[in-house]
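Report on the structure
Here's the letter readout for the chains.
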Amino acid sequence: RYVPDKQCSFALGVQSVFLCLLGTIPGPILFGVAIDNSCSLWDINECKTKGACWVYDNERMAYLLMGISAICKIITIVFVIMTVSLYKPP
């Protein structure tokens with residue numbers, strides 16, 4: 001409805017690229033960083049290399065994961081409000 005019929009397939013392609021870049025790539029990275037930051041005790045071998053986490057701080061992990069989710073939801077709400085208020089039908 002928003003693009004001419006000749007550009008419909010191009011618009012769908014651009015939409016899918018943005019969906020992949022902004023929707024699927026940063027999420028697992030952000031949640032992985034949050035989980036790594038909530039570790040209290042790491043397995044460190046004789047070469048001083050950090051391995052797997054042995055003990056997690058559950059309260060810190062809960063705050064980090066809920067914070068990331070809340071920030072993403074707030075950003076989504078702001079963009080939806082901007083879209084609804086700025087869109088002018090043809």
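All values reported here derive from a predicted model rather than from experimental measurement. (Residues numbered from 1 in each chain as written. Predicted model: local features only at pLDDT ≥ 70, side-chain atom pairs only at ≥ 80, totals over all residues. Heavy atoms only, no water.)

**Describing the packing of aromatic side chains**
Our working rule: Between rings of Phe, Tyr and Trp, where Trp is taken as its six-membered ring, a pair exists when centres lie within 6.5 Å; planes separated by under 30 degrees are stacked, by over 60 edge-to-face, and by other angles tilted. Throughout this description, the term charge over a ring refers to an Arg CZ or Lys NZ atom that lies within 6 Å of the ring centre and within 35 degrees of the ring normal.
Per the counting criterion, the structure on display carries 0 aromatic pairs. Sitting over the ring of W42, K50 keeps its end group 4.5 Å from the ring centre.

**Structural notes on the state of the cysteines**
Rule in force here: Disulfide assignment relies on a single distance test, namely cysteine sulfur atoms paired within 2.5 Å. Counting from the N terminus, the helices are DSSP H or I runs at least four residues long and the strands are E runs at least two residues long. The buried label goes to any residue with under 20% of its type's maximum accessible area, the exposed label to any with over 50%, and the partly exposed label to all in between, with areas taken from a 1.4 Å probe on protein chains only.
A full pass over the atoms with the stated rule returns 1 disulfide. One disulfide bridge connects C39 with C53, the sulfur atoms lying 2.1 Å from each other. On the sign convention where negative is left-handed, the bridge of C39 and C53, at about 105° about the S-S bond, is right-handed. Taken as a pair, C39 in strand β1 (residues 39–44) and C53 in strand β2 (residues 50–56) lie far apart in primary sequence, 14 residues in all. With relative accessibility at 13%, the residue C39 sits in the buried group. The thiol of C72 is unpaired, and the distance to the nearest cysteine sulfur, on C20, comes to 17 Å.

**Overview of the pairing of β2**
Let me state the cut-off plainly: By definition, two strands form a pair when at least two bridges between them are found by DSSP.
Where β1 meets β2, 4 bridges bridge the pair, whose relative direction is antiparallel. Counterpart to W42 in the pairing with β2 is C53. The hairpin turn running from β1 into β2, its antiparallel successor, is 5 residues long, and K48 in that turn takes a positive phi close to 60°.

**A look at the UniProt feature "transmembrane region" (unreviewed entry) in the protein**
Note the following rule: UniProt positions are given in the numbering used here, feature names are shortened, and annotations may be inferred rather than shown by experiment.
UniProt marks residues 12–35 and 64–87 with the feature "transmembrane region" (unreviewed entry), using the numbering shown here. With 96% helix and 0% strand, residues 12–35 has end C-alpha atoms that lie 34 Å from one another. Secondary structure content for residues 64–87 is 96% helix and 0% strand, and the end C-alpha separation is 34 Å.

**Description of the environment of C39**
Inclusion rule: Here a residue-residue contact requires only that any non-hydrogen atoms of the pair lie within 4.5 Å.
Between the C-alpha atom of C39 and that of A11, which follows or precedes it by 28 residues, the distance is 43 Å. With residues near it in sequence (within four places) discarded, C39 still touches C53, W54, V55 and Y56.

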